[in-house]
Amino acid sequence: MNDGAYLRAIRADGQATLDAAGLGLDAPVPTTPGWTVGDVVAHLGRVHRQKAHIVRELLVSEPPMVEPPDGNGLLEWFAEGVHDLTEILSVTDPATPVHTWHEPDQTVGFWIRRMAHETLIHRVDAELGHGLHSPVGADLGADGVDEILDVFMGGYPEWAQVDRSPVVVGLESEGRAWRLRFLSWTGTSPNSGREFTDVAGIEFDTGTTKPDAFVRGPGDALDLFLWGRGSADGLIVDGHPSVLLYLRDVAADATG
């Protein structure tokens, strides 16, 4: 996907979030227990405005979130934030250096992609609060699979002791393919002194042997499953079915 497609997705899913929120802010959201649709809109609006601030000011550290207005002003505030975000992203060179929380990519391009998927997932939340579910584009869904695997689930600190599983899993969706190896890592951060024990994760496998298991399915189904916004319906597993459940467990831990 290109940056223009990501920006169109932010605008479209931002509007769909507004449409769902217009049906009522007090509806509970089943995919984010304890949250209402209003909470989803407030959270997403905070994120949009913070990232717009980072890009506009070319910040190299994370600024605080801004608080949304109470009551009826929330939807107008959210709509203004979507517009502000897409405007500044559309006129800034994606290669421009700015702060991100993903060390390998400290550019505006990271936020263009990240905000497309952030907005998509929370659009789904807002709709599910009212029993709705509008389609997710196949390409955006498959790109979301790639993002969650690489940015959220993949990697480990250079100081960690890594224990790799012998099992390799293949994922296939919308003509794209990934080879994953499960792992866990343990260690103590030299910066904070915090201790980590058996943190689950994955790494991309570059081998050529046939994977021990395959998971196949449409981009939207696989993306929403990994994010905990959809069931395994529509996904096909060749191999032990526990592979799919463990993949979702690792994704849940990685995304919080």
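Residues numbered from 1 in each chain as written. Predicted model: local features only at pLDDT ≥ 70, side-chain atom pairs only at ≥ 80, totals over all residues. Heavy atoms only, no water.

Talk me through the packing of helix H5 (residues 138–153) against helix H6 (residues 219–226); I want residue IDs and the actual numbers.
Where H5 contacts H6, the axes come no closer than 7 Å and their chain directions differ by 40°. In terms of their interaxial angle, H5 and H6 are classed as oblique. Here the hand of the crossing between H5 and H6 comes out left-handed. On H6, the residues touching Ala138, Leu140, Gly141, Ala142, Gly144, Val145 and Ile148 of H5 are Gly219, Asp220, Leu222, Asp223 and Leu226. Looking at the contact of H5 with H6 residue by residue, the class counts come to 7 nonpolar, 3 polar and 2 charged. (Axes fitted to C-alpha atoms, helices over the stretch in contact; angles between N-to-C directions. Helix = DSSP H or I, 4+ residues; strand = E, 2+ residues; numbered from the N terminus. Parallel < 35°, antiparallel > 145°, perpendicular 65-115°, else oblique. Left-handed = near helix turned anticlockwise from the far one by under 90°. Contact = heavy atoms within 4.5 Å. Nonpolar A, V, L, I, M, F, W, Y, C, P; charged D, E, K, R; others polar.)

Outline the pairing of strand S4 (residues 213–216), listing residues and values.
Remark: a regular strand shows side chains that alternate across the two faces of the sheet. The sheet contact formed by strand S1 (residues 161–173) and S4 spans 4 bridges and is parallel. Following the sheet pairing, Val169 is matched in S4 by Ala213. Across 3 bridges, S4 lies against strand S5 (residues 236–238) in antiparallel orientation. Within S5, the position partnered with Val215 by the bridge is Val237. (Pairing = 2+ DSSP bridges.)

I'd love a proper account of the side chain of Glu118, names of residues and values included.
Structurally, Glu118 can be placed in helix H4 (residues 108–128). Looking at Glu118, its side chain comes within polar contact range of the side chain of His43, at 3.3 Å. Other than its neighbours up to four places away in sequence, Glu118 contacts His43, Leu44 and Val47. (Polar contact = N/O pair within 3.5 Å; in protein donor to acceptor, adjacent residues only side chain to side chain.)

Describe helix H1 (residues 3–21), and please don't skip the residues or the numbers.
Taking 1.5 Å of rise per residue, the 19 residues of H1 would be expected to cover 27 Å, and the 27 Å separating its terminal C-alpha atoms lies within 8% of that figure. The set of residues buried in H1 consists of Ala5, Tyr6, Leu7, Ala9, Ile10, Asp13, Gly14, Ala16, Thr17, Leu18, Ala20 and Ala21. Residues of H1 that are buried in the fold lie against helix H2 (37–57), helix H3 (73–90), H4 and H5. (Expected span 1.5 Å × (residues − 1). Buried < 20%, exposed > 50% of the residue type's maximum accessible area, 1.4 Å probe, protein only.)

Can you tell me about the layout of surface pockets, naming the residues and giving the values?
Taken as a whole, the largest pocket encloses approximately 790 Å³ of empty space. Surrounding the largest pocket, 23 residues form its lining, Val151, Gly154, Gly155, Tyr156 and Pro157 being those nearest its centre. Secondary structure elements with two or more residues in the lining of the largest pocket: H5, strand S3 (195–204) and helix H7 (242–255). When its volume is computed, the second largest pocket comes out at roughly 490 Å³. His122, Trp227, Arg229, Thr255 and Gly256 are, among the 22 residues lining the second largest pocket, the residues nearest its centre. Listed by contribution, the elements that provide at least two residues to the lining of the second largest pocket are H2, H4 and H7. In terms of residue count, the dominant contributor to the lining of the second largest pocket is H4 (6 residues). For the lining of the second largest pocket, the class distribution of residues is 10 nonpolar, 7 polar and 5 charged. (1 Å grid on protein atoms, 1.4 Å probe; cavity = no way out; pocket = protein on both sides within 12 Å on 5 of 7 lines; lining within 4 Å. Points joined across faces, edges and corners; volume = space filled by probe spheres on them.)

Lay out the pattern of salt bridges in plain terms, naming residues and giving numbers.
Per the stated rule, a full pass over the model turns up 17 salt bridges. Linking Asp143 and Arg176 is a salt bridge whose minimum nitrogen-to-oxygen distance equals 3.7 Å. You can see Asp143 sitting in helix H5 and its partner Arg176 sitting in strand S2 (residues 176–188), a full 33 residues away along the chain. What makes Arg176 partly exposed here is its relative accessible area of 32%. A salt bridge links Arg216 to Glu172; the nearest nitrogen and oxygen atoms lie 3.0 Å apart. Highlighted residues: Arg216 in strand S4 and Glu172 in strand S1, separated in sequence by 44 residues. (Salt bridge = Lys/Arg side-chain N within 4 Å of Asp/Glu carboxyl O.)

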